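Take a look at the letters that make up each chain.
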Amino acid sequence: MSGQTQEYSSRILLTGRGAVMVMLAVFALGLFGASWTPWPVLAGAFFLIGSVAAVVYVRPGDLLMVTIVPPLLFGIALLGVKAATASGNVVLSIAEGAAITTAEVAPWLFAGMVLTLVIAWARGLRECIRELRQDLRADGHRPADHRPTDRRPDATAASRPGPAAADPPPPAA
């Protein structure tokens, strides 16, 4: 066994789905704590803890997913907690509570995402991105900057209504 395999064999590694569930639970716990106490900073601190824990304990192959989903999961958990703790006009209470909470924890969200990306990059996020690019190229998808520049009319262009590709432009008046 190589040293890297032995290092990870004694450590608990989550799948991507497991890491998502851990983040969702930690985010919801922090948001409930912030709703029930006078400390709104709990929501942000739990976001940071959940995001970092997920990226540290996830399998290296799932790093890309775990670096992308924390803001989305936080938003879902935030709306769920605000809906569960809403009083009065539910829609207004959810909208107001979500806006206020997001404003209060914005620095924590930013710090959590930066720390998550730094740790993921150190754990091999670059390789995950490289594999994704190779898979997309193998499937025939091309990024926007690699489109062919050749604009020859094809057989389907001739069958479309409208001016043909070979027609000269109308004279300028």
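Up top is the structure these notes are about.
Participant: Lay out the overall build of the protein chain with the relevant residues and their values.
Facilitator: Within the protein chain, the regular secondary structure consists of eight helices and zero strands. Each helix and strand of the protein chain, ordered N terminal to C terminal, gives the series α-α-α-α-α-α-α-α. Every one of the 173 residues in the protein chain was classed for burial, and the buried ones make up 27%. Residue pairs in contact within the protein chain that sit at least 24 positions apart in sequence constitute 73% of those at least 6 positions apart. Per element, the accessible surface of the protein chain, about 11600 Å² overall, is 65% carbon and sulfur.

Participant: Which residues make up helix 6 (residues 90-123), and what are the values?
Facilitator: Relative to the 50 Å expected for 34 residues at 1.5 Å per residue, helix 6 spans just 43 Å between its end C-alpha atoms, considerably shorter than the ideal helical length. Along helix 6, the sharpest kink reaches roughly 60 degrees, centred on Val 105 and followed within four residues by the proline Pro 107. Within helix 6 the residues assigned to the buried category are Ile 94, Gly 97, Ala 98, Thr 101, Val 105, Leu 109, Gly 112, Met 113, Thr 116, Ile 119, Ala 120 and Arg 123. Structurally, the start of helix 6 carries an N-cap: the backbone nitrogen of Val 91 is 3.4 Å from a side-chain oxygen of Asn 89.

Participant: Go over the side chain of Thr 101, please, and point to the residues and values.
Facilitator: For Thr 101, the location among the structural elements is in helix 6. On the basis of relative accessible area, Thr 101 is assigned to the buried category, the value being 8%. Residues in contact with Thr 101, not counting those within four places in the same chain, are Leu 31, Leu 78 and Lys 82.

Participant: Describe a nonpolar patch on the surface, listing the residues and the values that go with them.
Facilitator: Together, Trp 39, Val 41 and Trp 108 give the surface a local cluster of nonpolar side chains, amounting to about 310 Å² of exposed area. When you line up the elements, Val 41 lands in helix 3 (residues 41-57).

Calculation criteria
Residues numbered from 1 in each chain as written. Predicted model: local features only at pLDDT ≥ 70, side-chain atom pairs only at ≥ 80, totals over all residues. Heavy atoms only, no water. Helix = DSSP H or I, 4+ residues; strand = E, 2+ residues; numbered from the N terminus. Buried < 20%, exposed > 50% of the residue type's maximum accessible area, 1.4 Å probe, protein only. Contact = heavy atoms within 4.5 Å. Areas by Shrake-Rupley, 256 points an atom, 1.4 Å probe, with all protein chains shown as cover. Expected span 1.5 Å × (residues − 1). Bend = angle between axes of the 7 residues up to and from the residue. Polar contact = N/O pair within 3.5 Å; in protein donor to acceptor, adjacent residues only side chain to side chain. Patch = residues over 30% accessible without salt bridge, like charges linked within 9 Å, V, L, I, M, F, W, Y side chains within 5 Å. Salt bridge = Lys/Arg side-chain N within 4 Å of Asp/Glu carboxyl O.

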